[in-house]
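# Coordinates in review
Next come the chains, spelled out residue by residue.
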Amino acid sequence: AAWLVRNARSSAARARGADVDGRSPIGGDVGRPMAMTARPPLYASASETAGLALLDGGALDDCSAVLRGVPAMDVLVRFERSWSIQDALDQHAALAEQRQVLVEIGNNRLRVRQTQLSFAELEVEDSLEAAKGLSAQDASNAKRVLSFAGRVRSSMRDLRLASRLRTMEESMVNQNIALAETEIEKSRIEMASMKDVIDDRSLTIATDDSQPQAFLPVDANGRPVQQKYKYCTNCRVGGHGQRFCLYLLERPDWRVYPNQKWFEDEKHNEYHCPLGKKLVDFADESHFSRIAMYLKGRAWLEEKTKVYELAPGLMPTTYIIEKGQWKGDPPPADDEVPNLPWFVKEADRNWGTSVHVVAKPSDCMGIANGESTYVVQQHVKDPLLMDDGRKVHIKFYVLLVGMEDAVRWHLYTFKDGYLSISPNPWTPEDLSKETQVTIIRSERITGWAPWPEVYPKCRAGVASVIKKAVDDGKLEGRIGKRQFEIFSADFLVDTHGAVWFFEFNMSPVLKDAADAPKVNDSDMIRGALNVVSPWEGGGPGLWDFVQEFSSPPEVVAAARASKASPAQGSGAGKQAAAPGAGASGGDARRGPPAAPVPAPPTATGASLGPRLGESAEA
């Protein structure tokens, strides 16, 4: 920009016989003339090397061309919530650096606009000087007078335009720098909040169930230190943990408690926990959370071979292929079944990724891999279709909460839901997955005419399955810890009004308003969290309380005994509760008895709990 002005302005100044000043525009007046140099510097910028064009064409157009070579004033780095101290520091540094870059870009853009304005001023001066120097002979020539007058009008028009562009550019630069400073301020506030929460002495170190409760901090008067806020930590386990944290942080009394690296496994996967391995109000690592976001015993609801034991009469007749052989009774012969498709599904996979459609039962075994387990079902007879003949099934949402006494279970169902609709008209002869396998949530269910009659039946069906799971001790309580899970149930309705249950999806798709502004699950998530962790500012919304169930006394007694009894052995070689311990069902993990702080699991193939993209039973 300096070279541009030196060359172009000096030429104009010499033409008027003006003095030439050698001041640089950096920190000075960019409108002052500058000394001319013979050629641009060796490492001249794009705007500098483009300066020669200004000597050959119109100043407005050429300056606009120079601006196209200057980076735009875009605030590319925006504040995002940080979950660790290091992330917060890195983000603040990046935002501060962005502001410095924007200031530099803004100065360059303003210098080009100021140069544009200066050229317009010079053009006005030159046109006025030329008009004042009009000779008497030229003044008597109407054509010459009109030419001089047109030049003055044109130069004045360019001056007004250049002035407006300079003002607009300055406003745009100031706005973007102010926006960058706003993002920096958000980051500063976040870091101050983290400093405040890590100074809260009321938090205790998380201990294993088999260990005594950590000592509660007390103040100078011997009274327990009161917790300032409620805290949530994103331990990066995956699933909906971070989403739940963000919704809890909408409340005025919740704060982020930063995470730290917990350990790294033999595959170099990092695992995280709250800073100092503290026990917080909510974390997606159940061991460090007062509220566990996974049900203990959830495998009985998730695995297709297990849930069939809990839903007799509610699911279509189900056959199992295990290691290339029928487990139990095989399906009937081909000529003994109606002409309807058969589905072969891998037992531990969801999202319809492993569903195969065949025409008859004899085709099922040819689909099976010898190492996997499959469930086999025939299509429901007389399915209720959409008015245009397309297949449809119901996505029915469920909230199950296990209370801290390890006895009571509260079941809720959501009064709204979704229909998953096939894109093609349904016929039993069409074996394509597009026609037979409905996966994608297509539309809200509230406008579906059969819904008022179907909802109570789905509600009762889910209640019967959960009741049996609790009565049979498949779902286990957590002493002193609340647990919950939002999951969905797939139902299909037939033309006789019966509802058929197929499976639970323990990690259903949930959409936020930012992802899908028109149709999302924000109200469902907020309502569920209001049920799990009540506060005066929110209610259950459309969540419908169904029933309270109680675990059998022997199951509760076993849980209490496990909590109260000391761990066996000296503790050497014992492994701590793994990430998400107890979340996947089965046995509760036992921690090391000697130390209150859990150590990372050894490389013995210990379960690491449900993680994003993996089976919860992995």
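Residues numbered from 1 in each chain as written. Predicted model: local features only at pLDDT ≥ 70, side-chain atom pairs only at ≥ 80, totals over all residues. Heavy atoms only, no water.

Helix and strand content of the protein: 14 helices and 17 strands. When the 618 residues of the protein are sorted by exposure, 48% land in the buried category. Residue pairs at least 24 apart in sequence account for 72% of intrachain contacts in the protein once pairs closer than 6 positions are excluded. Surface accessibility of the protein: about 29,600 Å² in total, with carbon and sulfur atoms responsible for 52%. (Helix = DSSP H or I, 4+ residues; strand = E, 2+ residues; numbered from the N terminus. Buried < 20%, exposed > 50% of the residue type's maximum accessible area, 1.4 Å probe, protein only. Contact = heavy atoms within 4.5 Å. Areas by Shrake-Rupley, 256 points an atom, 1.4 Å probe, with all protein chains shown as cover.)

Once that is clear, we can look at the environment of Ile-525. Structurally, Ile-525 is set in helix H13 (residues 522–532). Relative accessible area serves as the criterion here: at 0%, Ile-525 is assigned to the buried category. In sequence terms Ile-525 and Arg-243 are 282 residues apart; their C-alpha atoms lie 9.0 Å from each other. The contacts of Ile-525, once residues within four sequence positions are left out, are Arg-243, Phe-244, Tyr-247, Leu-510 and Asp-512.

Note that Gln-116 resides in helix H4 (residues 85–132). Given the relative accessible area of 1%, Gln-116 is considered buried. Sequence separation between Gln-116 and Leu-60 is 56 residues; the distance between their C-alpha atoms is 6.0 Å.

This paragraph deals with the pattern of salt bridges. In this structure the tally under the stated criterion is 30 salt bridges. For Arg-113, the salt bridge identified is with Glu-169, shortest N-O distance 3.1 Å. Of this pair, Arg-113 sits in helix H4 while Glu-169 sits in helix H6 (residues 142–198), and the two are 56 residues apart along the sequence. For Arg-113, a relative accessible area of 10% puts it in the buried group. Taking the relative accessible area as the measure of exposure, Glu-169 reaches 5% and is therefore buried. In this structure, Lys-261 engages Glu-270 in a salt bridge whose closest nitrogen and oxygen atoms are separated by 3.8 Å. (Salt bridge = Lys/Arg side-chain N within 4 Å of Asp/Glu carboxyl O.)

Within a regular strand, side chains alternate between the sheet's two faces. Sheet topology note: the strand E3 (residues 259–264)/strand E4 (residues 270–274) ladder contains five bridges and is antiparallel. Counterpart to Lys-261 in the pairing with E4 is His-272. In sequence, E3 turns back onto E4 through a hairpin of five residues, with His-268 there showing a positive phi of about 65°. (Pairing = 2+ DSSP bridges.)

The phi dihedral of His-268 falls on the positive side, at around 65°, and the residue is not glycine. On the secondary structure map, His-268 appears in the loop between E3 and E4. Located in the positive-phi region is Lys-323, a residue other than glycine, with phi close to 55°. Within the secondary structure, Lys-323 is located in the loop between strand E7 (318–322) and strand E8 (325–327). A relative accessible area of 63% places Lys-323 in the exposed class.

Counted by the stated rule, this structure contains 18 aromatic pairs. Seen from their ring centres, Phe-244 and Phe-282 are 6.3 Å apart, and the 65° between their planes marks the pair as edge-to-face. Pair noted here: Phe-244 is in helix H7 (residues 241–248) and Phe-282 is in strand E5 (residues 280–283), with a separation of 38 residues, a long-range link. Neither Phe-244 nor Phe-282 differs from the other in exposure class; each is buried. An aromatic cluster is defined as three or more aromatic residues linked by ring pairs; in this entry it consists of Phe-396, Trp-451, Tyr-455, Phe-487, Phe-491, Phe-501 and Phe-504. Directly above the ring of Tyr-229 sits Arg-255, whose terminal nitrogen or CZ lies 4.1 Å from the centroid. Its end group placed over the ring of Tyr-418, Arg-441 keeps NZ or CZ at 3.9 Å from the ring centre. (Phe/Tyr/Trp six-rings, centres within 6.5 Å; stacked < 30°, edge-to-face > 60°. Lys NZ or Arg CZ within 6 Å of the ring centre and 35° of its normal.)

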